[in-house]
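# Descriptive structure summary
Each chain, written out:
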Amino acid sequence: MPLFFTLDITMKTIVAILSMLFSLLGHAEVTSQALVEKISERWRLSPDAIGRIVRLAESHAKPDFPKPINLLAIIAIESSFNPKAHNSGNIGLMQINLTANGKRLKNKSQEENIRVGAELLSEYHSRLRGNQRATILSYNSGISAYRRGRYRSAYWAAYQRELAWMKVNIGG
């Protein structure tokens, strides 16, 4: 009898886990679609273009940091979701600095730009012992400049505003 009871609980557990996974997968698609719609509406860009950027952010996010929402907040600040953005030697969605990090880029595609940006954020997060504020400010100014106190506090405020907007509007 105990053997059958154990199998019964195990089967119920498996069914519960599978139900939860299917529910989460469905929720992820709904959240992702809501994200695309809201960003597209806010920045007046096509849902197709934003959908591609959101998918790239999701695929290059890291388990610890950055999450897709962090990447999207940086993209909003750095390029306003314009993949052709360029400014003072910085290019693309995440405004990768060509002098400091150009060698990391295999090409100038949106995917490479987000991949390198996510790698930099992950590295800074690790080197700065998980301090998210220091990570974000280092992304903007460079880690050496950040450590010398040469950073723009306004960048952190802008990042916080973007993150808050995303969380309020899409439940991120």
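Below is a summary of the structure that appears in this document. What you see is a predicted model; the values in this text were computed from it and never measured.

### Describing helix α3 (residues 68-79)
A rise of 1.5 Å per residue sets the reference length of α3, with its 12 residues, at 16 Å; its end C-alpha atoms lie 16 Å apart and thus fit the reference within 8%. With respect to burial, α3 is a largely interior element, 9 of its 12 residues being buried. When α3 is considered as a whole, its buried residues turn out to be Ile69, Asn70, Leu71, Leu72, Ala73, Ile74, Ile75, Ala76 and Ser79. One or two steps after α3, the chain reaches serine 80, where phi turns positive at roughly 50 degrees.

### A word on the packing of α3 against helix α5 (residues 110-127)
Interhelical geometry of α3 versus α5 gives an angle of 115 degrees and a closest axis separation of 11 Å. One finds that α3 runs roughly perpendicular with respect to α5. Crossing of α3 over α5 shows right-handed handedness. In contact with Leu71, Ile74 and Ile75 of α3, α5 contributes Ile114, Ala118 and Leu121. Here the contact of α3 with α5 is composed, by residue class, of 6 nonpolar, no polar and no charged.

Thresholds applied
- Throughout, residues of each chain are indexed from 1 in the direction in which the sequence is written.
- Since the coordinates come from a predicted model, pLDDT governs what is reported: local features require at least 70, and pairs of side-chain atoms require 80 or more to be given and counted, while whole-chain, interface and lining totals use all residues.
- To obtain the side-chain values, all non-hydrogen atoms of the structure were used and water was disregarded.
- Helix and strand labels come from DSSP, where a helix needs a run of H or I of at least four residues and a strand needs a run of E of at least two; each type is numbered from the N terminus.
- Given the number of residues in a helix, its expected span is that number minus one, multiplied by 1.5 Å.
- Partly exposed residues are those whose accessible area sits between 20% and 50% of the maximum for their type, while under 20% is buried and over 50% is exposed, using a 1.4 Å probe and protein chains only.
- Only C-alpha atoms enter the line fits that serve as axes; for helices the fit covers just the stretch in contact. Angles between N-to-C directions range over 0 to 180 degrees.
- Here the word oblique covers every angle except those under 35 degrees (roughly parallel), over 145 (roughly antiparallel) and from 65 to 115 (roughly perpendicular).
- We call a crossing left-handed when the near helix sits turned anticlockwise from the far one by less than a right angle, and right-handed when that turn is clockwise.
- Contacts between residues were defined by any pair of non-hydrogen atoms, one from each residue, lying within 4.5 Å.
- Note that Gly is not counted as nonpolar here; it falls among the polar residues with everything else outside the nonpolar set of Ala, Val, Leu, Ile, Met, Phe, Trp, Tyr, Cys and Pro and the charged set of Asp, Glu, Lys and Arg.

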